[in-house]
Amino acid sequence: MPPQLHNGLDFSSKVVQGSLDSLPRAVREFVEQSTQLCQPEHIHICDGSEEEYGRLLGLMQDEGIIRKLRKYDNCWLALTDPRDVARIESKTVIITQEQRDTVPIPKTGLSQLGHWMSEEDFEKAFDARFPGCMKEPLVNNWACNPEMTLIAHLPDRREIVSFGSGYGGNSLLGKKCFALRIASRLAKEEGWLAEHMLILGITNPEGRKKYLAAAFPSACGKTNLAMMNPTLPGWKVECVGDDIAWMKFDAQGNLRAINPENGFFGVAPGTSVKTNPNAIKTIQKNTIFTNVAETSDGGVYWEGIDEPLAQSVTITSWRNKEWSPQDGEPCAHPNSRFCTPASQCPIIDPAWESPEGVPIEGIIFGGRRPAGIPLVYEALNWQHGVFVGAAMRSEATAAAEHKGKVIMHDPFAMRPFFGYNFGKYLGHWLSMAHRPAAKLPKIFHVNWFRKGKDGEFLWPGFGENVRVLEWMFNRIDGKDCAKLTPIGYVPKDNALNLKGLGDVNVEELFGISKEFWEKEVEEIERYLEDQVNADLPYEIERELQALKQRISQI
């Protein structure tokens, strides 16, 4: 039989494993077109077998792309180019016909709510990158091209086109690119929600269980909360997911959530037996570590791992150099990661892969705020809760390119992940209140990171956060354990269980300063007016003015 030709070309000679004929027609055409464009030497069609997995790992090891960590079972270390260590928001774009489909048109300067690229500019960018790109020499062990990196989304075609980055947040395209940016657009069209949220189940001492979803920016304790070891006797937390929730109202009006991911892509620094014992147990096998330090006995190390090393053990930093604490720079990159199967988590929820999802009764927003924001407050209603999500602010982190501890606006913890115009996104959230028979979850805001006058954290956090979840549990049950303040409901005196905590300055932890909140509202108003501009829903404007009025009465 003569070989099948595509545009007069025979690609079967390039196939080193599998057969092009085994592929569905659309997939085969994509492979052949990509081969013609990128000019690889060989084509490998995966069969997903254990034998293939072993061979690919061996090949990557031989080429110095990954290193086996002999201290653990099937764990590996990858060190990326120092210029390719984080999500690159400035080079992440969405291509639509009109700019306003992607981002609101700001009053001044550039939009902070995403990056639009025209179809014409994308074609030029594509043509400057992809032709012959697989013929290029490998510059370093973990392939990347930082000068030419581009992560592009074409929602109208349901396509993602990524070039030049090997970092997980840019190259694991099923994660932020599909499960948030493209999915949020699908959700808008189909009437559901794709959100940057953890999902946890919490069971009280009487055996009753509720599920909560929570949206925090990076480095605000999402993974720690999702895998919490509660300190209160009789309480149990189980993890459904630590990063992404797809949520849809069922026929009975319950908001049900699934975690579309198969694993955790967690920040390593700060993860320890004290801060997140369940994460430490999860990553002991079948895990890929990126940009952490390596110990001479074949283990991993990072800032805050809190594990003593034997005197004879030495450390090699993420830059592949010998390291000691006196070096003055971290041994692991601040955004170093572990990538590990969710099924290995010792507290994974029995329903974590349930196709109908779990029923969400509470939604939590939060951020890292050293001043002014109370430990917890409850929104007045759904509309006010959407405003609370829109007004979220948090200290910048190492997960993206930002420098320093500047307080940034990060609405819904989705600022880098909106797949369409944020004003329309707010309208979509507000529309949930008009669903027939919808049982709307209560909405809360938390801040584990408030500091006292001495600069120390006022709240111990980690497993003690169950005390805040207990109060939310009671509020969802309709218990009268809250008092009204200008910003929302906070726990009544003695309603937050502080037994055994020692000295906690409740007054400072929940203080609502008129001066602080006047400035906060001013910042939120300026941001929404400038960034969302003509696309700001009137309901959000109304909530802003109502908050301003309530604060003036303090």
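Provided above is the structure to which this section pertains.
Residues numbered from 1 in each chain as written. Predicted model: local features only at pLDDT ≥ 70, side-chain atom pairs only at ≥ 80, totals over all residues. Heavy atoms only, no water.

*Asks:* Looking at this model, I keep getting lost on the overall build of the protein. Mind explaining?
*Replies:* The helix and strand inventory of the protein stands at 14 helices and 28 strands. Relative to the compact-globule value of 24 Å for 554 residues, the protein shows a C-alpha radius of gyration of 25 Å, a close match. Dimensions of the protein, computed from C-alpha atoms along their principal axes, come out at roughly 80 × 60 × 45 Å. The burial tally for the protein puts 54% of its 554 residues in the buried class. Counting only contacts in the protein whose residues sit at least 6 apart along the sequence, the fraction spanning at least 24 positions is 71%. (Helix = DSSP H or I, 4+ residues; strand = E, 2+ residues; numbered from the N terminus. Rg over C-alpha atoms; globule rule 2.2 N^0.38 Å. Buried < 20%, exposed > 50% of the residue type's maximum accessible area, 1.4 Å probe, protein only. Contact = heavy atoms within 4.5 Å.)

*Asks:* Got a minute to help me understand helix H14 (residues 538-552) in this structure?
*Replies:* Helical geometry: 3.6 residues make up each α-helical turn, so side chains three or four residues apart lie on a common side. Helix length check: H14, at 15 residues, gives a terminal C-alpha distance of 21 Å against a target of 21 Å (1.5 Å per residue), a fit within 8%. For H14, the set of buried residues is Glu539, Ile540, Glu543, Leu544, Leu547 and Ile551. All buried residues of H14 project into a common sector of 140° when viewed along the axis, lining one side. Elements that come into contact with the buried residues of H14 comprise helix H9 (382-390), helix H10 (422-431) and helix H13 (514-532). (Expected span 1.5 Å × (residues − 1). Arc of directions from axis to C-beta.)

*Asks:* For this particular structure, what's the right way to read H9?
*Replies:* The element H9 is extensively covered by neighbouring structure, given that eight of its nine residues are classed as buried. Taken as a whole, H9 has its buried residues at Trp382, His384, Gly385, Val386, Phe387, Val388, Gly389 and Ala390. Those residues of H9 that are buried are in contact with strand E22 (358-366), strand E23 (376-378), H10, strand E26 (442-446), H13 and H14. The N-cap residue of H9 is asparagine 381: its side-chain oxygen and the backbone nitrogen of glutamine 383 are 3.2 Å apart. (Polar contact = N/O pair within 3.5 Å; in protein donor to acceptor, adjacent residues only side chain to side chain.)

*Asks:* Is there a simple way to think about the packing of aromatic side chains in this case?
*Replies:* The geometry of an aromatic ring pair is captured by two quantities: the separation of the ring centres and the angle between the planes. The full count for this structure, using the stated rule, is 21 aromatic pairs. Taken together, a centroid distance of 5.9 Å and an interplanar angle of 55° make the contact between tyrosine 167 and phenylalanine 265 tilted. Of the two residues, tyrosine 167 sits in the loop between strand E8 (159-163) and helix H5 (168-171) while phenylalanine 265 sits in strand E15 (residues 263-267), which places them 98 residues apart along the sequence. Given the relative accessible area of 3%, tyrosine 167 is considered buried. Since its relative accessible area comes to 12%, phenylalanine 265 is described here as buried. Members of the aromatic cluster, connected to one another through ring pairs, are Phe365, Trp382, Phe412, Phe418, Tyr420, Phe422, Tyr425 and Trp429. Arginine 475 extends its terminal NZ or CZ atom over the ring of tyrosine 489, reaching a point 5.4 Å from the ring centre. (Phe/Tyr/Trp six-rings, centres within 6.5 Å; stacked < 30°, edge-to-face > 60°. Lys NZ or Arg CZ within 6 Å of the ring centre and 35° of its normal.)

*Asks:* Before we go on, may I ask you to explain the pattern of salt bridges in this structure?
*Replies:* Side chains that differ in charge, positive against negative, can pair when their charged atoms come close. What the rule picks out here adds up to 41 salt bridges. Across the pair lysine 210 and glutamate 361 runs a salt bridge whose closest N-O atoms are separated by 3.5 Å. Of this pair, lysine 210 sits in strand E11 (residues 209-215) while glutamate 361 sits in strand E22, placing them 151 residues apart in sequence. With relative accessibility at 6%, the residue lysine 210 sits in the buried group. Across the pair arginine 526 and glutamate 522 runs a salt bridge whose closest N-O atoms are separated by 3.5 Å. (Salt bridge = Lys/Arg side-chain N within 4 Å of Asp/Glu carboxyl O.)

*Asks:* Looking at this structure, I do not really get the pairing of strand E14 (residues 255-258). What am I missing?
*Replies:* Side-chain positions along a regular strand alternate between the two faces of the sheet. The alternating pattern of E14 places Leu255 and Ala257 on a buried face, while none of Arg256 and Ile258, on the opposite face, is buried. Where strand E13 (residues 245-249) lies against E14, four bridges are found, and the strand directions are antiparallel. Bridging across to E14, phenylalanine 249 finds its partner in leucine 255. The antiparallel hairpin formed by E13 and E14 contains five residues in its connecting segment, where glycine 253 sits at a positive phi of about 90°. Here E14 pairs with E22 via two bridges, running antiparallel. Note that in E22 the partner of alanine 257 across the bridge is valine 358. (Pairing = 2+ DSSP bridges.)

*Asks:* Can you walk me through the state of the cysteines in this structure?
*Replies:* Defined simply, a disulfide is a covalent bond joining two cysteines at their sulfur atoms. Across all of its chains, the model carries zero disulfides by this definition. Not engaged in a disulfide, the cysteine cysteine 345 finds its nearest cysteine sulfur in cysteine 239; these two sulfurs lie 5.0 Å apart. (Disulfide = S-S within 2.5 Å.)

*Asks:* Is there a simple way to think about the nonpolar core in this case?
*Replies:* The tendency in soluble globular proteins is for nonpolar side chains to be buried side by side. If you look at the biggest cluster of nonpolar residues, it comprises 132 residues, and the most contacted ones within it are Phe289, Trp302, Phe365, Phe412 and Trp429. Aside from chain neighbours lying at most four places away, what touches tryptophan 302 is Ala268, Pro269, Gly270, Thr271, Ile280, Ile283, Phe289, Val292, Cys331 and Ala332. With 13 residues, the next largest nonpolar core counts Ile95, Cys133, Ala152 and Leu154 among its residues. (Core = buried A, V, L, I, M, F, W, Y, C linked by side-chain atoms within 4.5 Å.)

*Asks:* What am I meant to see in the packing of H9 against H14 here?
*Replies:* When two helices pack together, their arrangement is given by the angle between the helix axes and the distance between those axes. Contact pair H9 / H14: the axes reach a minimum separation of 9 Å and the direction vectors enclose 90°. Taken together, H9 and H14 sit at an angle that is classed as roughly perpendicular. Touching Gln383, His384, Val386 and Phe387 of H9 are Glu539, Ile540, Arg542, Glu543, Leu544, Leu547 and Arg550, all from H14. Grouping the constituent residues of the contact of H9 with H14 by class yields five nonpolar, two polar and four charged. (Axes fitted to C-alpha atoms, helices over the stretch in contact; angles between N-to-C directions. Parallel < 35°, antiparallel > 145°, perpendicular 65-115°, else oblique. Nonpolar A, V, L, I, M, F, W, Y, C, P; charged D, E, K, R; others polar.)

*Asks:* Could you clarify how one ought to interpret unusual backbone geometry in this entry?
*Replies:* Note: most peptide bonds trans; most residues except glycine with negative phi. The backbone of alanine 413 sits at a positive phi, close to 55°, despite the residue not being glycine. Looking at the secondary structure, you find alanine 413 in the loop between strand E25 (407-409) and H10. In this model, alanine 437 sits at a positive phi of 65°, which is unusual for a non-glycine residue.

*Asks:* So what exactly am I meant to see when it comes to the sheet that holds strand E21 (residues 337-341) here?
*Replies:* Across a sheet, paired strands are connected by hydrogen bonds in the backbone, their directions being either parallel or antiparallel. With mixed pairing, five strands are arranged side by side in an open sheet as E3-E4-E16-E21-E15. Of all strands in the sheet, those bounded by a partner on one side alone are strand E3 (67-68) and E15. Where strand E4 (residues 76-78) and strand E16 (residues 288-290) come together, three bridges link them in parallel fashion. Pairing of alanine 78 across the sheet is with threonine 290, part of E16.

*Asks:* How should I be thinking about the packing of H13 against H14 in this particular structure?
*Replies:* Packing of H13 against H14 leaves a shortest axis separation of 10 Å and a crossing angle of 160°. Here H13 is positioned roughly antiparallel relative to H14, judged by the angle of their axes. Like other packed secondary-structure pairs, H13 and H14 cross with a definite hand, here left-handed. Residues Lys514, Trp517, Glu518, Val521, Ile524, Glu525 and Leu528 of H13 form the contact with H14, whose participating residues are Ile540, Leu544, Gln545, Leu547, Lys548, Ile551 and Ser552. (Left-handed = near helix turned anticlockwise from the far one by under 90°.)

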